[in-house]
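Take a look at the letters that make up each chain.
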Amino acid sequence: MRVQSSKERSVIDWPNKPIISPEDFVKAEYSNPEFVRKYMTVGLWRSEEVLMERYFEPKSSVLDLGCGAGRATIAMAQKGFKVTGIDLIPEMIEAAKSQAAINGLQLDFRVMDARNLSFPHESYQNVLFSFNGFDQIPGKASRRQLLEDVHRILKPGGCFILSCRSGLAFGKRWATWIWLALEFLVRKVSGRIKPGWEWGDKIRKGWYHHYSTPFSIRKALQQVGLELVYFNSSRNIEKGKRPTFLTNFSPDKSLFFVVRKSADSKK
Ligand SMILES: C[S@@+](CC[C@H](N)C(=O)[O-])C[C@H]1O[C@@H](n2cnc3c(N)ncnc32)[C@H](O)[C@@H]1O
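It should be emphasised that the depicted structure is a prediction, and the values quoted were computed from it without experimental measurement. (Residues numbered from 1 in each chain as written. Predicted model: local features only at pLDDT ≥ 70, side-chain atom pairs only at ≥ 80, totals over all residues.)

## Some words on the site of the ligand
(1) Moving on: Neighbouring the ligand are 21 residues; Y30, G66, G68, A114 and F131 lie closest to it.
(2) Moving on: Broken down by secondary-structure element, the contributors of at least two residues to the shell around the ligand are α2 (22-31) and α5 (71-78).
(3) Moving on: Taken together, the residues of the shell around the ligand break down into eleven nonpolar, six polar and four charged. (Near = placed C-beta within 6 Å. Helix = DSSP H or I, 4+ residues; strand = E, 2+ residues; numbered from the N terminus. Nonpolar A, V, L, I, M, F, W, Y, C, P; charged D, E, K, R; others polar.)

Here's what the structure looks like:
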């Protein structure tokens, strides 16, 4: 697919364009050189740092899913973690390798689809999916497969830090749901449901995002056998505030779920 500028990308949308799947949108978006450049920073968010200090053992192994240009992977390596970063987009992995080299590091970066992880059972102490990358995985079955794989790959007692946006965020997101509901209804009635389209998907202007509710994420994590040990929003974590029920509706940049694989889990 031809790479487009952000101005051009605003015209990719249904129903005027030929059919493209949500996956095509993700690929087009993240292989765009503008996007790759945007992700070429190194450094953990304060919220990520707090959670890693609390839940990842020092110098343990971490698999960074959807690592992009290596922002978190490189920062974790600098903290002494043994890291592997995977991303769907070859351009992102190239950028991550060059960022690592600039920082004097040679790290294990691989092009791999998070929906089809080829790592052996119990090969990592920790797994990270940062910056809401999970919201870029189209299809409930694919997201379920990914979580099952994370459970399989984690060593017993290991932790997974997952970040997502809240699909129930106050304000703007609610308007999004009303819009999506109306669109869904009109398309259903007129028989023009988008291929691969799922409730909660927003595909606009060359951009794909799946909005999950925190309740459905907790349920999905629990269903694959991962035990929730912590949940909070990025801003609360940064300010040292405890989560409340309202945190489920937070418009923050990310919600964080920390889950653990049981220490006596069988292969
Ligand atoms: C929002 S970016 C975050 C990048 C990086 N983690 C960071 O924090 O800077 C999401 C990343 O997920 C990657 N991604 C999307 N779908 C993926 C998939 N199925 N498998 C692996 N990576 C994927 C994208 O290519 C993109 O680099």
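## Details of the environment of V259
(1) Moving on: Position of V259 among the secondary structure elements: in strand β9 (residues 255-261).
(2) Moving on: Along the chain, V259 and L221 lie 38 residues apart, while their C-alpha atoms are 7.7 Å from each other.
(3) Moving on: Apart from residues no more than four positions distant in its own chain, V259 is found in contact with C159, F160, L221, L226, E227, L228 and V229. (Contact = placed C-beta atoms within 7 Å.)

## Some thoughts on the pairing of strand β2 (residues 82-87)
(1) Moving on: The buried fraction of β2 amounts to five of the six residues, a majority that puts the element mostly inside the structure.
(2) Moving on: Following the chain from strand β1 (residues 61-65) across α5 to the adjacent parallel β2, one finds a crossover that is right-handed.
(3) Moving on: By the bridge criterion, four bridges tie β2 to strand β3 (residues 108-111) in an arrangement that is parallel. When the bridges of β3 are listed, D87 appears paired with V111.
(4) Moving on: At this point the chain moves from β2, through helix α6 (residues 90-102), to the parallel β3, and the crossover so formed is right-handed. (Buried ≥ 20, exposed ≤ 12 C-beta atoms within 10 Å, placed from the backbone. Right-handed = clockwise from strand over helix to strand, strands pointing away. Pairing = 2+ DSSP bridges.)

## Side note on the pairing of β1
(1) Moving on: Counting buried positions over the five residues of β1 gives four, a clear majority of the element.
(2) Moving on: Judged from the five bridges that link them, β1 and β2 form a sheet pairing that is parallel. Bridged to S61 within β2 is K82.
(3) Moving on: The pairing of β1 with strand β4 (residues 124-129) spans four bridges and is parallel. Pairing of L65 across the sheet is with F129, part of β4.

## Here's the deal with the nonpolar core
(1) Moving on: Of all hydrophobic cores here, the largest spans 59 residues; its most connected members are V62, A96, V127, F160, I161 and F257.
(2) Moving on: Ranked by residues supplied to this core, first place goes to strand β5 (residues 154-164) with six residues.
(3) Moving on: Apart from the residues within four sequence positions on either side, V62 is in contact with F56, M76, F81, V83, Y124, N126 and L128. (Core = buried A, V, L, I, M, F, W, Y, C linked by C-beta atoms within 7 Å.)

## A short note on the sheet that holds β5
(1) Moving on: What the seven strands build is an open sheet, ordered β3-β2-β1-β4-β5-β9-β8; its pairing is mixed. Edge positions in the sheet fall to β3 and β8 (226-233), since each of these pairs with one other strand and no more. Averaged over all adjacent pairs, the angle separating strand axes in this sheet is 15°, with direction ignored.
(2) Moving on: Here helix α4 (residues 46-55) sits on the sheet in contact with β5 and β9, set at roughly 15° to β9. (Axes fitted to C-alpha atoms, helices over the stretch in contact; angles between N-to-C directions.)

## Comments concerning unusual backbone geometry
(1) Moving on: Of note, the phi angle at K59 is positive, near 65°, even though the residue is not glycine.
(2) Moving on: Within the secondary structure, K59 sits in the loop between α4 and β1.
(3) Moving on: Residues other than glycine seldom take positive phi values, yet E122 does so here, at roughly 50°.
(4) Moving on: By the secondary structure assignment, E122 is in the loop between β3 and β4.

## Topic: helix α7 (residues 140-153)
(1) Moving on: Taking 1.5 Å per residue as the helical rise, α7 with its 14 residues ought to reach 20 Å, and the 20 Å between its terminal C-alpha atoms agrees with that figure.
(2) Moving on: For α7, every residue scored as buried is listed here: R143, L146, L147, V150, H151 and I153.
(3) Moving on: Elements in contact with the buried residues of α7: β1, β4, β5, α9 (214-223), β8 and β9. (Expected span 1.5 Å × (residues − 1).)

## Observations concerning α4
(1) Moving on: Residues of α4 that are buried: S47, E48, L51 and M52. Across the axial projection of α4, the buried residues extend over an arc of 130°, all falling on one side.
(2) Moving on: Against α5, β5, α10 (234-239) and β9 lie the buried residues of α4. (Arc of directions from axis to C-beta.)

## A look at the environment of L146
(1) Moving on: The residue L146 is located in helix α7 in this model.
(2) Moving on: Here the alpha-carbon distance between L146 and F134, two residues twelve residues apart in the chain, equals 9.2 Å.
(3) Moving on: Setting aside anything within four residues of it in sequence, one finds L146 in contact with A114, R115 and I137.

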